[in-house]
Amino acid sequence: MPTIQDIFQTSTPAALVTGSGSARIGRVVARHLASLGCNVALHANQHVGAAETVAAKLRAEFNQQVIVTSGSLVDDDTPARIVQQTVDAFGQIDILINCAAIWSPKPLEALSADDLREYFQINSVGSFRCAQLAGLRMVSQPSGGSIINIGDWATTRPYLDHAAYFPSKGAIEVMTRSLAVELADRNPRIRVNCIQPGPVLLAKDVTDADRERIANSTLLRRVGTPENIAHAVQFLCENDFITGVCLPVDGGRSIYSPDGLQVGLNTG
């Protein structure tokens, strides 16, 4: 299997990871890419100071170039600016990981049009613009590039109090396929894929009982880790014959419902 350096025809591929300032999936993905020999552009909005600390640690640990970009994806100029900063720092952009997102439970009755617009602006429009602008940079690169959007396993089985979040995340799946078509038409070495995480990073206030319940909602009977997502990112970067797919990394949760209906069924 070719390495990430083989795929992008450089000893130091350049990666931009949005939403990598806070201690969530994006930060773990950024660290994993640095461990693979990538130069990395972190992106943060509210956690710029934390991102600077992480950047210093990654430089020391992996001897890679690491920069910090910042800005809210609510602002229309942020995607163009962070893509340009990545190219200015590293001379190219080989990998884009769209991890930035917002989510917060809110009853349907309390949702406003402004709430909906904010969710779509950050989770959909912001991700689209980053992918569009990075992808058009990749068009001129002989080795193309890899764009990976982070979706959500539960867009097909949404749960309560996230009626603005799920439509904005559902758009990621169609966006992935559409951009895969658009960008491959311009440079067939550009691939666009999506990862749909399941339970891989639970809130700190989740009780032991709830953790066990969530674990048992998967076929593998356990909660995953952000490293599971980072490994999937590596796989999609290194496999140059996969594009336009949405890959659940959810322990089987998207196909399994622990409702007990199989008990007592007459199958004869």
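Structure shown above.
About the criteria used
- Residues numbered from 1 in each chain as written.
- Predicted model: local features only at pLDDT ≥ 70, side-chain atom pairs only at ≥ 80, totals over all residues.
- Heavy atoms only, no water.
- Buried < 20%, exposed > 50% of the residue type's maximum accessible area, 1.4 Å probe, protein only.
- Helix = DSSP H or I, 4+ residues; strand = E, 2+ residues; numbered from the N terminus.
- Pairing = 2+ DSSP bridges.
- Right-handed = clockwise from strand over helix to strand, strands pointing away.
- Core = buried A, V, L, I, M, F, W, Y, C linked by side-chain atoms within 4.5 Å.
- Contact = heavy atoms within 4.5 Å.
- Axes fitted to C-alpha atoms, helices over the stretch in contact; angles between N-to-C directions.
- Left-handed = near helix turned anticlockwise from the far one by under 90°.
- Nonpolar A, V, L, I, M, F, W, Y, C, P; charged D, E, K, R; others polar.
- Polar contact = N/O pair within 3.5 Å; in protein donor to acceptor, adjacent residues only side chain to side chain.

**Q** Can you tell me about the pairing of strand 5 (residues 145-150), naming the residues and giving the values?
**A** Of all 6 residues making up strand 5, 6 are buried, and the element is well covered by its neighbours. Residues Gly-145, Ile-147 and Asn-149 line one face of strand 5 and the alternating positions Ser-146, Ile-148 and Ile-150 line the opposite face, and both faces are buried. Bridge count between strand 4 (residues 95-98) and strand 5: 4 bridges; the pairing is parallel. Within the sheet, the bridge partner assigned to Ile-95 lies in strand 5 and is Ser-146. Between the parallel pair strand 4 and strand 5, the chain is carried across by helix 5 (residues 113-138), and the sense of this crossover is right-handed. Relative to strand 6 (residues 190-197), strand 5 is paired through 6 bridges, and the arrangement is parallel. Note that in strand 6 the partner of Asn-149 across the bridge is Cys-194. Note on the crossover from strand 5 through helix 6 (residues 165-186) to strand 6: the handedness is right-handed.

**Q** Help me get a handle on the nonpolar core, residues and values and all.
**A** Residues Val-29, Leu-33, Leu-42, Ile-95, Ile-97 and Ile-195 are the most contacted members of the largest nonpolar core, which totals 35 residues. Mapped by element, the contributors of at least two residues to this core are helix 1 (4-8), strand 1 (14-18), helix 2 (25-35), strand 2 (39-44), helix 3 (48-62), strand 4, strand 5 and helix 8 (226-238). At 6 residues, the largest contribution of residues to this core is made by helix 8. With near-sequence residues (within four places) excluded, Ile-97 lies in contact with Leu-16, Val-17, Thr-18, Val-29, Leu-33, Ile-148, Ile-150 and Val-233.

**Q** Tell me what's going on with the packing of helix 4 (residues 78-90) against helix 5, and back it up with residues and numbers.
**A** Relative to each other, helix 4 and helix 5 sit at 35°, their axes nearing to 9 Å. Relative to helix 5, helix 4 is oriented so that their crossing is right-handed. On helix 5, the residues touching Pro-79, Ala-80, Ile-82, Val-83, Gln-84 and Val-87 of helix 4 are Gly-126, Arg-129, Cys-130, Leu-133, Ala-134 and Arg-137. The class makeup of the residues in the contact of helix 4 with helix 5 is 8 nonpolar, 2 polar and 2 charged.

**Q** Could you give an account of the side chain of Thr-10, with specific residues and numbers?
**A** Inspection of the secondary structure puts Thr-10 in the loop between helix 1 and strand 1. Thr-10 sits in the buried class, given a relative accessible area of 18%. One polar contact links the side chain of Thr-10 to the main-chain amide nitrogen of Thr-12, over a distance of 3.3 Å. Ignoring any residue separated from it by four or fewer positions in sequence, one finds Thr-10 in contact with Gln-5, Gln-92 and Asp-94.

Keep in mind that these numbers describe shape and distance, not what the molecule does.
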